[in-house]
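Residue strings, one per chain:
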Amino acid sequence: MPVHRKIGTMIERVHEHIITELNANTRTDTIFVLTAIILNLITLGINSGIASGESSTTSTIVMFTIVALIIVINFVAELGLIRGRQMRKKLLNGLLKMYKDQGVEGYYDQSLLSDYRTRYNLFMLTVLFTGLIAIVIPFVIR
Amino acid sequence: MGMKMKRNIGWILLLAVSATMVLMPAAVLAQPQPEKDDLILNIVYDNFNSLKVGEQRTLYLEVRNTGYNDLSNIRLSTESPEGWTVEIKPAVIDKLAAGDVQTVDVTLKPAENTSKGNYNIAVIADAAGIRRVSGIYVRVESGSLLWVWVAVGLAVVLIMGFVLIFLRFGREEK
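Residues numbered from 1 in each chain as written. Chains lettered and ligands numbered in written order. Predicted model: local features only at pLDDT ≥ 70, side-chain atom pairs only at ≥ 80, totals over all residues.

Broken down by element type, chain B carries two helices and nine strands. Starting at the N terminus, the α and β elements of chain B follow one another as α-β-β-β-β-β-β-β-β-β-α. The buried share among the 174 residues of chain B stands at 14%. (Helix = DSSP H or I, 4+ residues; strand = E, 2+ residues; numbered from the N terminus. Buried ≥ 20, exposed ≤ 12 C-beta atoms within 10 Å, placed from the backbone.)

Written as structure tokens, this is what we have:
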């Protein structure tokens, strides 16, 4: 097999690999965002229910345990999203380099990279604010 | 003729006995019964059944004599959660005529360490062998903003953590 043909096949495989990784990255980030938001809302419901009942030492301990869980979930989600964003950027940079080597870089708008960054930051803000609501509202009800 | 007359008298007697048997109980029931002495306690809520810790409220208790005799020396007392201040004024009603109503002030103040929740205060009236109990249902709300400040503190911790993680791990690699 000629060398240039072998390289072409390898580039195709690398391209497929990058696309697969990008898909997996998207799925993972979606799971992070949805899990964090759903868990925040569930804990909001549980803590609000506890807060509206009679206050006792047990209920206070349960509330603070759930608050600790909320904080951990939110930090984990944020870390996951930051890593996801960095991974996506690396994958897209590789893809862009590949397009450049092939002379087709003009078809991929470089501003998409900054769009992804904005989108990830918005996801993080959504997670943060649902977390804040899940913490604050039950204590206000109490 | 004599036989027929006797038979008619028999029927009339039977009718009279039957009518008496049927109407007697109704007539007895219709008679005004000499009722026992009785009291009714009625709490006048005035759209109020909640108060805050440290707050004092006065409710009105109506004591009604529903019996046929005057009642004297009606003693009023309460059973409340520990540490609560409950005052009844007057605590003794010297005389309450049959059919009369006397209004009594009941002043409530929860204990300082009362936690949020629902409480029941029993008001007891004792007079001449009659004992009547009525419950005052009160919901105690937290008077302090402690938990709001706790929430604000936790929210600040979450925001600070987010910012720190973002600054520490969020840098873009060139």
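Here helix H3 (residues 111-141) of chain A is 31 residues long and its end C-alpha atoms lie 45 Å apart, about the 45 Å a rise of 1.5 Å per residue gives. Those residues of H3(A) not exposed but buried are A:Tyr120, A:Phe123, A:Met124, A:Val127, A:Leu128, A:Thr130, A:Gly131, A:Leu132, A:Ala134, A:Ile135, A:Pro138 and A:Phe139. (Expected span 1.5 Å × (residues − 1).)

By size, the foremost hydrophobic cluster in this structure holds 24 residues, and its most contacted members are A:Ala36, A:Ala77, A:Leu81, A:Phe123, A:Met124, A:Val127 and A:Ile135. If you list the elements that add at least two residues to this core, you get helix H1 (3-52), helix H2 (57-102) and H3 of chain A together with helix H2 (146-169) of chain B. It is H3(A) that contributes the most residues to this core, nine residues altogether. Those residues in contact with A:Met124 that sit more than four places away from it in its chain are A:Glu78 and A:Leu81. Counting residues in hydrophobic clusters, the runner-up holds 17 residues, among them B:Leu108, B:Val123, B:Ile136 and B:Val138. (Core = buried A, V, L, I, M, F, W, Y, C linked by C-beta atoms within 7 Å. Contact = placed C-beta atoms within 7 Å.)

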